[in-house]
Amino acid sequence: MRRILLVFLSVLIYSSNISAQQLQSPSEFLGYELGSNFTRHHQVVDYFRHVAATMSNVTIEEYGKTYENRLLQVAYVSSQKNIDNLEAIRKNNLQQIGIESGKNTNDIAIVWLSYNVHGNEASSTEAAMKTIYELVTKKQAWLEKTVVIIDPCINPDGRDRYVNWFKQARSMPYNKAQVAKEHNEPWPGGRPNHYLFDLNRDWAWASQIESQQRLKVYNKWMPHVHVDFHEQGINEPYYFAPAAEPFHEIITNWQRDFQTQIGKNHAKYFDKEGWLYFTGERFDLLYPSYGDTYPTFMGAIGMTYEQAGHGRAGLGIMNDEGDELTLKDRLLHHHTTGLSTVEISAKNAAKLNAEFRNYFDNSALKYKSYVLRGEEDKLASLKSLLDKHEIKYGFANNGSFKGFDYQTNRQGSTKTNGKELVVSTDQPKGKMVKALFEPEAKLSDSLTYDITAWSLPRAYGLQAFASTSLVNATPSTKKASTLTNIDKSAYAYLAKWNHVKDAEFLGQLIQNNVRVRFSERPFTIGGKNYERGTMIIVRGDNKKLDDFDATVTEIADGLQRELTPVQTGFVDQGPDFGSPDVKLVGKPNVALVSGDGTSSLSFGATLHFFETQLKYPVTVLDTDYFGRVDHDDFDVIILPEGWYSGTLNESTMTKLKDWIRGGGKLIVIGSALRSFADKDGFKLKSFKSDDDKNEDDTANLDSYETQEREYIKELITGSIYKAKVDNTHPLAYGYPSHYHTLKLGSSSYQLFNNGGNAVYLGDNAKPVSGFVGSNAAKKQSNSLVFGEERMGRGSVVYFVDNPLFRAFWENGKLFISNAVFLTNKR
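Residues numbered from 1 in each chain as written. Predicted model: local features only at pLDDT ≥ 70, side-chain atom pairs only at ≥ 80, totals over all residues. Heavy atoms only, no water.

### As for the pattern of salt bridges
A complete count under the given rule lists 37 salt bridges for this structure. Here Lys496 makes a salt bridge to Asp502, at a shortest N to O gap of 2.8 Å. Using a relative accessible area of 2% as the deciding quantity, one classes Asp502 as buried. Residue Asp801 is joined to Lys743 by a salt bridge in which the shortest nitrogen-to-oxygen separation is 3.0 Å. Separated by 58 residues along the polypeptide, Asp801 in the loop between strand 35 (794-799) and helix 23 (813-821) and Lys743 in strand 31 (residues 738-743) bring together distant segments of the chain. Like Asp801, the residue Lys743 is buried in the burial classification. Each of the salt bridges in this network shares a partner with another, and the network as a whole consists of Glu121, Arg191, Asp198, Arg201, Asp450 and Arg806. (Salt bridge = Lys/Arg side-chain N within 4 Å of Asp/Glu carboxyl O. Buried < 20%, exposed > 50% of the residue type's maximum accessible area, 1.4 Å probe, protein only. Helix = DSSP H or I, 4+ residues; strand = E, 2+ residues; numbered from the N terminus.)

Here you go:
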């Protein structure tokens, strides 16, 4: 028997050696030395397929496509034994943390390596090819205790945008001078995806299809270690764990400690080579939507590794210290930390699994349930997000409970009626629930890398309570489809207006040539009350439609919109349907500005909103020729966040003002307001505190060491304010008397003297969540949030805060819809 076993093992070793001999290195496969050129995405896909076809201990899973139809894939790399038992390892891992039923445990470390989330941080995908090759040819021993999941390129669209540009722009041989064209990408750069979203900020919000498809695989595996490979400026050498403060409070001592162990393992290799690196600075673990924090809040050791380079480095560049930084250097450093991560994970596989199990004990969490109340559409939007993360929820049973009231910011009690959504922390992903729903994240340090407030109940416009007791709930059931009965005797159909899905419905109607009115005043008909903004679809307005009823009801059913047929235009109370206060919407022709000076992120978020949520067409213009465009071709022009001093020169500004006075509508978002504030012909005025007025007369005697900390007094790093709403203004139709706004910067503007202040901060405005510097706070009281300035027959709509930021502030999106469709109606 022993002789048979030895023969069998010999055959296995011989077969493995034959496979390894047939396997080509990346350089052999590609036909050029790795690091001497950038590799297009399809070539990377082909190389990983080659490895999987050659090596039986590597399998490929194609998990989706990008917006531009490029392949998304992961490779599973392990020992042959583990690959043969891959499904059992996966299931055992989910069972040990309670996600799947069963009591099996696991002793294999699951390590996930994610490359190239930012397209122009392109060295990491090159490193991914070198890493998989070395794992299967030289590091087989580590694979006995690990399953390594490699995603070679999270953002193929951004990567190919960068690589294709670089191949066209580069010199031959490459030019090392920083001023060379090949080191200066044109707008918008290769960093973001197709819609110019930063995918490294999209893990929790899952607004992009790349994120949505990746999360399905991630939740299927729930790895113990996750690495997100990045690049930073050309003068910062290399960053690896441990991370900087602030750490979110749900992060365990073990997660902190093992980050340090990993960092020390990396340092061993970097010290040997004399490579520079730093740890514990800049990159914190607070904001939940990063490629390091999201996995961390899901129990993993989540880490960011940052290599010097970014989109500036090309194939080689001279940094400020006079050293040449090459692509070969960059990929080698990432390759080294990738292997080091697998090595230490293999050595600590049992401990990783044990501590992973411990993480999912949520008994110590303060709040046991989050109870949410609101419009059905808003709850449905939130449920859709929770489904993407496979977070469980239900609907409250009738009863009462005590908890923290998000509206009043104090403890209170309330009764439930069975319609409230309940999300409990008494589930495996309870700590992620806390991170997403808690009223305010605890800050251990105010110097952070990103926003400091994101509470989902406020982002979705829901009344919420956080209870220290478990609120009983019944699992959610799928709601039956809403179908509208055609009533050919109806004088009109009515539809509500309080959610962005209603705006999508309106957009679909007018694109199908259905004429729609809306009421500027509340009214009552048939004993039912209707609010401002209610859509009124009158049969008499649509005589030219061949089948009015079928068209309207088909669109309504497709979007699950409820229609109420009425038999008359004579209301019980309020304006009749022929009143001057019942306006025709029209079919606005919308332009969206892009190009140099425009924030690519803001442009992308705006385009994404129109194309994927509102589903209403826009014409994209470029700042290069914006001044030469006939603005009269458009009813609405949108300026995303940006810096337009070069675009809005004197002649273009004059032309723009003439267009507005003639009836045009200009929508200005975020930082773009600076181009209009305090300018001739516009009423928008910057808000200046007494400190601002006196700052030129005061010497700054802060020490050099403390200047950064002193500077944050001027900042607002993503905080939430409770704003007042004038919901009689068309810009605010569909909203209650308050709105939680996400304030992303300290810029503030005075209230208009003669109306138009649709949303604003009142006296003694203070944040309900997030960090606000002491000096910035002084400028927020009695300041504008959203408003409209009338100018001739047209208007300018100002959004001081950007409701479309990262596509996750769901409750703000109806304001944009109101600005496009309902404002400036006389």
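That was the structure; now back to the text.
### Section: the nonpolar core
One recurring pattern in soluble globular proteins: nonpolar side chains tend to sit buried together. Residues Phe437, Phe505, Ile537 and Phe799 are the most contacted members of the largest nonpolar core, which totals 142 residues. Among residues more than four places away in sequence, those in contact with Ile537 are Tyr491, Ala492, Tyr493, Phe505, Leu509, Val514, Arg515, Val516, Asn542, Phe548, Val552 and Leu563. Tyr32, Ala75, Tyr115 and Val148 belong to the second largest nonpolar core, which has 57 residues in total. (Core = buried A, V, L, I, M, F, W, Y, C linked by side-chain atoms within 4.5 Å. Contact = heavy atoms within 4.5 Å.)

### Examining the environment of Asp549
Structurally, the position occupied by Asp549 is in helix 17 (residues 548-558). When the C-alpha positions of Asp549 and Ser489 are compared, they lie 9.8 Å apart, and in sequence the two are 60 residues distant. Ignoring sequence-local partners within four residues, the contact set of Asp549 consists of Ile486, Asp487, Lys488, Tyr493 and Arg539.

### What about helix 16 (residues 500-511)?
Given a rise of 1.5 Å per residue, 12 residues ought to cover 16 Å, and the 16 Å separating the end C-alpha atoms of helix 16 matches this to within 8%. Those residues of helix 16 that fall on the buried side of the exposure criterion are Val500, Asp502, Ala503, Glu504, Phe505, Leu506, Gly507, Leu509 and Ile510. On its buried face, helix 16 sits against helix 13 (376-388), strand 19 (492-495), strand 23 (535-538), helix 17, helix 18 (600-614) and helix 23. (Expected span 1.5 Å × (residues − 1).)

### Describing the sheet that holds strand 25 (residues 582-584)
Taken in spatial order, the five strands line up as 24-19-23-20-25 in an open sheet, and their pairing is antiparallel. If you trace the sheet from one side to the other, it starts and ends with strand 24 (564-566) and strand 25, each paired once. If you compare each strand with its neighbour and ignore which way they point, the axes differ by 30° on average. Sheet analysis places strand 20 (residues 517-519) next to strand 23, joined by two bridges and oriented antiparallel. Of the residues in strand 23, the one forming a bridge with Arg517 is Ile536. Set on the sheet, helix 16 makes contact with strand 19 and strand 23; between it and strand 23 the angle comes to about 25°. Strands strand 19 and strand 23 of the sheet are contacted by helix 17, whose axis makes an angle of about 10° with strand 19. (Pairing = 2+ DSSP bridges. Axes fitted to C-alpha atoms, helices over the stretch in contact; angles between N-to-C directions.)

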